Amino acid sequence: MSFRVLGTGKYVPSKVVTNDELSTLIDTSDEWIVKRVGVKERRICTTESASDLAYQAALNALENANVKPEELDMILCTTVSGETVSPSMSSMVQKYLGATCPAMDINAACSAFIFMLETAAGYFARKKVKKMLVIGTEQMSRIVDWDDRATCVIFGDGAGALVLGEGDNFLNSKLNSFGGNEVINIPNFVGKSPFYKKEAQDPYIFMNGQETFKFAVNAMCKDLQYVVDDLGLTFDDISMIVPHQANTRIIDFAVKRLKVERERIYVNIDKYGNTSSASIPIALDELNRAGKLKHDDLIAMTAFGGGLSSAACILRW
Ligand code: UT7
């Protein structure tokens, strides 16, 4: 036993920041951002925080699934940009919903949503839960360095959520970690200890863009190929590939290498930017509500990011 998806939800802040608006703040242009990254606009928090986005996405998913908060047996959340280290993001969502089940967070940066689905499958396999809420939520605008044009143009804020119930639809996954902070690093604050001797680092995202790019294309191809081959399938059996929305050029490179038609790859980075662990559940909600996912369709997901980490999975809708 694993799970099946009972409902989906998403929530993004109402403030739209276009590339032209960004160009008034930093030395960049709509042309550069569209060509090199594929983002046209992103949603940015003004008064909301990551837990507010998570709560609204959760409400939308529960409504879509016709499930009440009191029916939930577990809440899991992924985030790298929550406003508190403790309470966890999931604990705050539990409070806002008025739920009483256990709640905990998972951190695997941009790959975390797939790591979370595999964790959720374990709870269902042990028959510890009948209904679970899983949420990816990010306020990336809080942790990007707005003076670093190579990163601040990429990211956006948002949240996506799924309600899971008993079933056998999570068919396969592959999770990878390649520990190190050289390529992507988000330092925490260093504290005030009078005994600590190391110099403080800025608590913003550092990313070696080109190394991340190479890692991402390789990881996407290798992980997707693994989960498909391992089930004795081919890419012709997959109705839709939902990749982490990091950069359209990464997606285009991977598609070319895998020889899959572009129409079967979902891309919405133009509207939201890279929302880290929220990008896959936001995409799933858009596809679901647009009626593009049919009963029994096989959906492959793939993600990569800080850790370094990467993952892929296959889900039957
Ligand atoms: O979700 C987490 C995982 N993250 C990713 O997957 C991101 C992966 N990496 C990327 O998407 C790309 O590497 C970036 C979008 C980060 C950068 O694109 P690039 O084509 O690799 O650009 P680059 O770093 O090689 O920079 C090319 C030029 C540089 O100018 P010079 O040195 O050639 O004169 C940069 O200074 O573009 C310049 N540049 C910009 N110009 C206008 C960098 N950022 C900007 C900008 N606007 N925003």
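It should be emphasised that the depicted structure is a prediction, and the values quoted were computed from it without experimental measurement. (Residues numbered from 1 in each chain as written. Predicted model: local features only at pLDDT ≥ 70, side-chain atom pairs only at ≥ 80, totals over all residues. Heavy atoms only, no water.)

1. Some remarks on helix α5 (residues 112–125)
In an α-helix, one full turn covers 3.6 residues, which means residues spaced three or four apart are oriented alike. When the terminal C-alpha atoms of α5 are compared, their 20 Å separation across 14 residues agrees well with the 20 Å that a helix rising 1.5 Å per residue should span. Taken together, the buried positions of α5 are Ala112, Phe113, Ile114, Phe115, Met116, Leu117, Ala120, Ala121 and Phe124. Backbone geometry just after α5 places lysine 127 at a positive phi near 55 degrees. (Helix = DSSP H or I, 4+ residues; strand = E, 2+ residues; numbered from the N terminus. Expected span 1.5 Å × (residues − 1). Buried < 20%, exposed > 50% of the residue type's maximum accessible area, 1.4 Å probe, protein only.)

2. Overview of the site of the ligand
Inspection of the region around the ligand gives 22 residues, with Thr28, Arg36, Gln210, Asn247 and Asn274 positioned closest. Within the side chain of arginine 36, a nitrogen or oxygen atom sits 2.6 Å from an oxygen atom of the ligand. Within the complex, 74% of the 960 Å² of free accessible area of the ligand lies under protein. Listing elements by their share of the shell around the ligand, those giving two or more residues are α2 (30–36), α6 (149–152), α7 (209–230) and α8 (248–258). Among the elements that line the shell around the ligand, the one with the most residues is α7, at 4 residues. Of the residues contributing to the shell around the ligand, the split by class is 11 nonpolar, 7 polar and 4 charged. Split by domain, the shell around the ligand shows at least three residues from each of two domains, domain 1 (4–168) and domain 2 (172–316). (Near = heavy atom within 4 Å. Polar contact = N/O pair within 3.5 Å; in protein donor to acceptor, adjacent residues only side chain to side chain. Areas by Shrake-Rupley, 256 points an atom, 1.4 Å probe, with all protein chains shown as cover. Nonpolar A, V, L, I, M, F, W, Y, C, P; charged D, E, K, R; others polar. Domains from an automatic or database assignment.)

3. Details of the packing of aromatic side chains
Counted according to the given criterion, the structure contains 5 aromatic pairs. Taking 5.6 Å as the distance between ring centres and 90 degrees as the angle between the ring planes, the aromatic pair formed by phenylalanine 213 and phenylalanine 253 counts as edge-to-face. Separated by 40 residues along the polypeptide, phenylalanine 213 in helix α7 and phenylalanine 253 in helix α8 bring together distant segments of the chain. What makes phenylalanine 253 partly exposed here is its relative accessible area of 47%. Directly above the aromatic system of tyrosine 226 lies the positively charged group of lysine 174, at a separation of 5.5 Å from the ring centroid. (Phe/Tyr/Trp six-rings, centres within 6.5 Å; stacked < 30°, edge-to-face > 60°. Lys NZ or Arg CZ within 6 Å of the ring centre and 35° of its normal.)

Taken by themselves, the reported measurements are silent on function.
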